[in-house]
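# Structural overview for review
Spelled out, the chains give:
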Amino acid sequence: MPFKGAYMFRPGYIQPLHGIKTKTAWYGAVYAMMGRFYPLWKWLFPKYVTTTECIGRAMLKVAKRGCQVCA
């Protein structure tokens, strides 16, 4: 695959949705605590906070069409 075909996603925090669970115990505790504040994080840091659903859709879109906003 040529280098221009590689895309990176770097969110700061991903809120798990639809029953997704981490296998790492301490991550589970952090997600349980942070999840309550997700609306606040999303409001304070909209560029760095996302959900598993949103990032999954973005990855599928980039895989199908490439990146539309990349330089």
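The structure reproduced in this document is the subject of the present report.

## Quick notes on unusual backbone geometry
- Despite not being glycine, H18 has its phi angle at roughly 55°, a positive value.
- In this structure, H18 sits in the loop between β1 (13-15) and α1 (25-35).
- Assessed through its relative accessible area of 66%, H18 is described here as exposed.

## Things to note about the side chain of Q15
- Looking at the element boundaries, Q15 is found in strand β1.
- At 2.5 Å, the side chain of Q15 forms a polar contact with the side chain of Y13.
- Leaving out residues up to four positions away in the same chain, Q15 has contacts with G35, Y38, T50, T51 and T52.

## A closer look at helix α3 (residues 52-65)
- For α3, spanning 14 residues, the distance from its first C-alpha to its last is 20 Å, which sits close to the expected 20 Å at 1.5 Å a residue.
- Phi turns positive one or two residues past the end of α3, at G66, with a value near 80°.

Rules behind the numbers
- Residues numbered from 1 in each chain as written.
- Predicted model: local features only at pLDDT ≥ 70, side-chain atom pairs only at ≥ 80, totals over all residues.
- Heavy atoms only, no water.
- Helix = DSSP H or I, 4+ residues; strand = E, 2+ residues; numbered from the N terminus.
- Buried < 20%, exposed > 50% of the residue type's maximum accessible area, 1.4 Å probe, protein only.
- Polar contact = N/O pair within 3.5 Å; in protein donor to acceptor, adjacent residues only side chain to side chain.
- Contact = heavy atoms within 4.5 Å.
- Expected span 1.5 Å × (residues − 1).

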